[in-house]
Amino acid sequence: MSADLLEWYDRHARVMPWRVGPQDRKAGIKPDPYAVWLSEVMLQQTTVAAVRDYHRNFLSIWPTVQDLAAADDAAVMAAWAGLGYYARARNLLKCARTVVSDWGGAFPDTYEGLLTLPGVGPYTAAAVAAIAFDRAETVVDGNVERVMARMHDIHTPLPASKPQLTQLASDLTPNTRPGDYAQAVMDLGATICTPRSPACGICPWREPCKARAAGTAAMLPKKTPKKKTPTRFGIAYVAQREDGAWLLETRPETGLLGGMLGWPTTEWTDAPQADPPLIADWKTLSEEARHTFTHFHLRLSIQYARVATDAVPMRGDFVPASTFSPASLPTAMRKVFDLVDATLRDN
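What you are looking at is a predicted structure, and each value in this text was computed from that prediction instead of being measured. (Residues numbered from 1 in each chain as written. Predicted model: local features only at pLDDT ≥ 70, side-chain atom pairs only at ≥ 80, totals over all residues. Heavy atoms only, no water.)

**Student:** Could you give an account of the nonpolar core, naming the residues involved and the relevant values?
**Tutor:** Within the largest apolar cluster, 96 residues are counted, with the highest numbers of intra-cluster contacts made by Trp37, Phe58, Leu68, Trp80, Met148, Trp205 and Trp263. The dominant element in this core, judged by the number of residues it contributes, is helix α9 (residues 122-133), at eight residues. Contact partners of Met148, with chain neighbours within four places excluded, come to Ile154, Leu165, Leu168, Ala169, Leu172, Val185 and Trp205. In this structure, Ala245, Trp282, Val307 and Phe318 belong to the second largest nonpolar core, which totals 11 residues. (Core = buried A, V, L, I, M, F, W, Y, C linked by side-chain atoms within 4.5 Å. Buried < 20%, exposed > 50% of the residue type's maximum accessible area, 1.4 Å probe, protein only. Helix = DSSP H or I, 4+ residues; strand = E, 2+ residues; numbered from the N terminus. Contact = heavy atoms within 4.5 Å.)

The structure is reproduced here in structure tokens:
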């Protein structure tokens, strides 16, 4: 089965900025562990389409792990803005600095060694070990879970079936070209064995696939129904000085959007209490900013004020208009700015 899949992969491998294609690998070109690790961190909870440009941008600014380790924290957080799950960006810096300080700037080349790095869990360690170092590790993402569930006609819902699917994936992992094989299974799930309308007729594993034979492929994998996502509320305060500077604050290192620059806000609760960062004539916008995080929906009421150049905030700092970049804000905060900006342009 692995030979059939690798033959398919040799012809149909997706082109990725961080990937060394099968023909280049056969020619002796090896992947850059730094680029592979960076891609795997970025791809957590994020699509390939969204990651491509971010990955290119990071490598253009910080082409080596040494460059990233020496980077300014705020610059990295700004470059990460929009990718979400900002704890990944903080761990990215910790990991780069650990690789430089503890490993001489070279990533460990084993699963066990990679697991010792900050922010590297079992999936990322397996992916980097397989893809970057051609170790026979089992890489299981959502695509692989779907392929395994269909190959073996597994009807136990996820996440309860995850250990079984992981073991089935491990049983199929070959010692020959394990890095290409790991990417091939993920490509198979992304392009052929898709969540809806799988293209079973052109699948290299169509013959041994039990779900195809049983006619159950389209309904697998089954998933335990998710609980209803709760909604939290907050107030965002957008203050602009007469000279154009904007009042921003760096959020605490821990928690959502940790370490990111954003507008001062109240706590995000069921019933937020007003907590303006300075005394001003605050005006409430008619529209609110809405954003969805992993575990809850957020609805931010927006208050805007113009203040004097000598205004002194109780928290946060004014950032000159010349250095303020909305693109460096996390998505939730950029939505707030977009609504304020639209209101100002209309008035």
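What follows picks up the thread again.
**Student:** Give a description of helix α14 (residues 331-346) that names residues and reports values.
**Tutor:** Across its 16 residues, α14 extends 22 Å between first and last C-alpha, which sits within 8% of the 22 Å expected from 1.5 Å per residue. If you check which residues of α14 are buried, you get Thr331, Ala332, Met333, Val336, Phe337, Leu339 and Val340. Buried-residue contacts for α14 involve β1 (231-241), β2 (246-250), β3 (261-262), β5 (289-292) and β6 (297-307). (Expected span 1.5 Å × (residues − 1).)

**Student:** Pulling in residues and values, what's your account of the side chain of Thr266?
**Tutor:** Mapped onto the elements of the fold, Thr266 is located in the loop between β3 and β4 (283-284). The buried category is assigned to Thr266, whose relative accessible area is 4%. A distance of 2.9 Å separates a polar atom in the side chain of Thr266 from the backbone nitrogen of Ile235. Residues within four places of Thr266 in sequence aside, it is in contact with Gly234, Ile235, Tyr237, Pro272, Gln273, Ala274 and Asp275. (Polar contact = N/O pair within 3.5 Å; in protein donor to acceptor, adjacent residues only side chain to side chain.)

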